[in-house]
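Each chain, written out:
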Amino acid sequence: LYLSGYILLNLQFGGEQFALTCAQAIPLLVEVIMAPDSREPENVNPTENAISAVTKILKYNKTAITNPNEMIALWFNWLPVVEDEDEALHVYGYMSDLIQSNNPIILGVNNCNLPRIASIIATCFYREAVPVPHPEAERLLGIMKEIESNPNLSQACISSLPAEQKAAVESAYQVTAAAAATAAAAAAAGTQ
């Protein structure tokens, strides 16, 4: 945990010297992630940790990467991650950042990636990769609400999800709403 925190601090504040080290690590991480057996049960946790490491490099210190847009597109193809809640929070936080900034690589031409985004988010909730309630869960649910608010998008993205994934998203909405109501009631009780 200490080492992980040290690495994250260096990613965020390590500057150009650490950026080169990050860029040099990318090919090794990609090799781990792209290995034919990377998603086998005995390898999925190291694979998802490697995906999370790439996520943190892309988010915090990508200045020495010669092709960051290509790397983001590749990274998006590796999703979802579902086994490590701590790492999933980083991955889905970054995905939310990219979506909320209207990143054209993630959204795709004419938003053609929205069905995939909805599927990733639904899988995330179905597999309980992100705790509910949690700020990152709320961000993901906000993205789903935006998709659902447009009938055409909802038809294209949500209606094709398996029933168990739809139920998981609905449950996440309910838990988040209940937590918000409890917090509001507690706040109101504290001010009286």
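Structure first, text after, so check above.
My aim in this report is to walk through the structure given alongside it, one point at a time. Quick caveat, the model's predicted, so the values are computed rather than measured.

### Things to note about the pattern of salt bridges
Between side chains of opposite charge, a pair can form as their charged atoms come close. For the structure on display, the rule yields six salt bridges. Close ionic contact of R39 with E48 constitutes a salt bridge, the shortest N to O distance being 3.5 Å. Of the charged contacts in the structure, one is a salt bridge between D97 and R139, with a shortest N-O distance of 2.6 Å. Of this pair, D97 sits in helix 5 (residues 85-100) while R139 sits in helix 8 (residues 135-149), and the two are 42 residues apart along the sequence. Look at D97 and you get partly exposed, because its relative accessible area is 26%. A relative accessible area of 21% means that R139 is categorised as partly exposed. Each of the salt bridges in this network shares a partner with another, and the network as a whole consists of K59, D97, E136 and R139.

### So, the nonpolar core
Within the largest apolar cluster, 53 residues are counted, with the highest numbers of intra-cluster contacts made by V54, W75, L79, Y92, M95, I117 and F125. When contributions to this core are tallied by element, the ones reaching two or more residues are helix 2 (15-34), helix 3 (44-60), helix 4 (68-77), helix 5, helix 6 (104-107), helix 7 (114-126), helix 8 and helix 10 (163-191). Among all residues touching L79, those that are not within four sequence positions of it are I51, V91, M95, R116 and I120.

### Details of the environment of M144
Mapped onto the secondary structure, M144 falls in helix 8. For the pair M144 and P68, spaced 76 residues apart in sequence, the C-alpha to C-alpha distance is 26 Å. When near neighbours in sequence (up to four residues on either side) are disregarded, M144 contacts A118, I121, I158, L161, V169 and Y173.

### Some details on the packing of helix 3 against helix 5
At a minimum axis separation of 9 Å, helix 3 and helix 5 run at an interaxial angle of 40°. In terms of orientation, helix 3 lies oblique with respect to helix 5. Note that helix 3 runs across helix 5; the crossing there is left-handed. Residue-level contacts link N49, I51, S52, T55, K56, L58 and K59 of helix 3 to E87, H90, V91, Y94 and D97 of helix 5. Along the lines of polarity and charge, the residues of the contact of helix 3 with helix 5 split into four nonpolar, four polar and four charged.

### With respect to the layout of surface pockets
Looking at the second largest pocket, its volume works out to about 220 Å³. Going through the elements one at a time, helix 5 and helix 8 are the ones with two or more residues in the lining of the second largest pocket. The element that contributes the greatest number of residues to the lining of the second largest pocket is helix 8, accounting for three residues. Grouping the constituent residues of the lining of the second largest pocket by class yields six nonpolar, three polar and one charged.

The rules behind the values
Residue positions are counted from 1 within each chain, in the order its sequence is given. In keeping with the predicted nature of the model, local features appear solely for residues at pLDDT of at least 70, side-chain atom pairs appear and are counted solely at 80 or more, and the whole-chain, interface and lining totals rest on all residues. The side-chain numbers reported here are obtained from all heavy atoms of the structure, hydrogens and water having been left aside. Put simply, a salt bridge is a Lys or Arg side-chain nitrogen that is within 4 Å of an Asp or Glu carboxyl oxygen. Helix numbers and strand numbers start at the N terminus; a helix is a DSSP run of H or I with at least 4 residues, a strand a run of E with at least 2. Throughout this description, buried means an accessible area under 20% of the type-specific maximum (1.4 Å probe, protein chains only), exposed means over 50%, and partly exposed covers the range between. We call a set of buried residues a nonpolar core when its members are Ala, Val, Leu, Ile, Met, Phe, Trp, Tyr or Cys and they connect through side-chain atoms within 4.5 Å of each other. For this analysis, residues touch if any pair of their heavy atoms sits within 4.5 Å. With axes taken as lines fitted to C-alpha atoms, and helix axes fitted only over the stretch in contact, angles between N-to-C directions fall between 0 and 180 degrees. Throughout, the term roughly parallel applies to angles under 35 degrees, roughly antiparallel to angles over 145, roughly perpendicular to angles from 65 to 115, and oblique to all others. Left-handed describes a crossing whose near helix is turned anticlockwise from the far helix through less than a right angle; right-handed describes the clockwise counterpart. Ten residues, namely Ala, Val, Leu, Ile, Met, Phe, Trp, Tyr, Cys and Pro, are considered nonpolar, four, namely Asp, Glu, Lys and Arg, are considered charged, and the remaining ones, Gly among them, are considered polar. Definitions used for this entry: grid spacing 1 Å over protein atoms alone; cavity, a set of points where a 1.4 Å probe fits but cannot get out; pocket, an open set with protein on both sides within 12 Å along at least 5 of 7 lines; lining residue, one with an atom within 4 Å of a point. Grid points are joined across faces, edges and corners, and a volume is the space filled by probe spheres set on the points.

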